[in-house]
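Overview (structure and organization)
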Amino acid sequence: MIRDESGAINDRPADAIDASVVFTAGRFSYHDDNVQKCVYADFEPVECISVEHAPKGTDGFMPLPFEETGTLVLPGYGNKFVARLDRVRTSSGRTARIRI
């Protein structure tokens, strides 16, 4: 999800100065408990390996700094990460790549 400077969700903000990419990640193992008649998940945090961006249609990916906010997003979404877009200075389209 990309939010612009006013906090509105927008996949094409006019200016990336106050925009950020927010995403969640986790490793889940789902279990069926036939005795209790329920389904539950075990959660393990994951390490985000990289967040990158490139001009649209190219493979020239460059690293984009990110941080884990420490906020666990439940149910079933995992840890929350934020990559600020203020370092991206371009008026052309960009492609983001997140590797976990």
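Scroll up to find the structure this text is about.
Description of the structure in this document. Here the residue index of a chain counts from 1 through its sequence in written order. Where local features are concerned, this predicted model is filtered to residues with pLDDT of at least 70; where side-chain atom pairs are given and counted, the filter is 80 or more; whole-chain, interface and lining totals use all residues. Note: side-chain values were computed over all heavy atoms of the structure, leaving out hydrogens and water.

**A short note on the environment of His 31**
Here a helix means four or more residues in a row that DSSP labels H or I, a strand means two or more in a row labelled E, and each is numbered from the N terminus. Residue position: His 31 is located in strand S3 (residues 27-33). The class for His 31 is partly exposed, based on a relative accessible area of 26%. Other than its neighbours up to four places away in sequence, His 31 contacts Cys 38, Val 39, Tyr 40 and Asp 42. Here Ser 29 takes part through its backbone oxygen, which lies 3.4 Å from a polar atom of the side chain of His 31. Burial classes follow relative accessibility: with a 1.4 Å probe on protein chains only, a residue under 20% of its type's maximum area counts as buried, one over 50% as exposed, and anything between as partly exposed. What makes two residues a contact is simply this: any of their non-hydrogen atoms within 4.5 Å. Any N or O atom pair separated by 3.5 Å or less is treated as a polar contact, with the protein-specific requirement of one donor-capable and one acceptor-capable atom, and with residues adjacent in sequence counted only for side-chain atom pairs.

**With respect to the side chain of Glu 52**
If you trace the backbone, Glu 52 turns up in strand S5 (residues 50-55). A distance of 2.8 Å separates polar atoms of two side chains, one belonging to Glu 52 and the other to Arg 97. Look past the residues within four positions of Glu 52 in its chain and what remains in contact with it is Phe 61, Met 62, Pro 63, Leu 64, Thr 95, Ala 96, Arg 97 and Arg 99.

**Details of the sheet that holds strand S9 (residues 94-99)**
A pair of strands is labelled paired if DSSP reports no fewer than 2 bridges between them. Within the open sheet, the three strands sit side by side as S6-S5-S9. Their pairing is antiparallel. Two strands close off the open sheet at either side, each with one partner strand: strand S6 (62-63) and S9. Taken together, the six bridges between S5 and S9 define a ladder with antiparallel strand orientation. Each residue of the ladder has a partner; that of Glu 52, found in S9, is Arg 97.

**Focus: the nonpolar core**
Buried residues of nine kinds, namely Ala, Val, Leu, Ile, Met, Phe, Trp, Tyr and Cys, make up a nonpolar core once their side-chain atoms join them within 4.5 Å. Ranked by size, the top nonpolar core spans 12 residues in total: Ala 19, Val 21, Phe 23, Ala 25, Val 46, Cys 48, Val 51, Leu 64, Phe 81, Ala 83, Leu 85 and Val 88. Within the residue set of this core, elements represented by two or more residues are strand S2 (20-25) and strand S8 (78-84). In terms of residue count, the dominant contributor to this core is S2 (three residues). The residues contacting Ala 25, other than those within four sequence positions of it, are Phe 43, Val 46, Tyr 77, Gly 78, Asn 79, Phe 81 and Ile 100.

**With respect to unusual backbone geometry**
Phi angles above zero are rare outside glycine, and Lys 37 is one such case at about 55°. Note on placement: Lys 37 falls in the loop between S3 and strand S4 (38-44).

**Describing the pattern of salt bridges**
In the sections that follow, a salt bridge refers to a side-chain nitrogen of Lys or Arg positioned within 4 Å of a carboxyl oxygen of Asp or Glu. Throughout the structure, instances matching the rule amount to four salt bridges. Notably, a salt bridge pairs Arg 99 with Glu 52, separated by 3.8 Å at the nearest N-O pair. Of the two residues, Arg 99 sits in strand S9 while Glu 52 sits in strand S5, which places them 47 residues apart along the sequence. Overall, the relative accessible area of 15% leaves Glu 52 in the buried class. Within this structure, Glu 52, Arg 97 and Arg 99 form a network of salt bridges that share partners.

The values reported here are purely geometric and, on their own, carry no functional implication.
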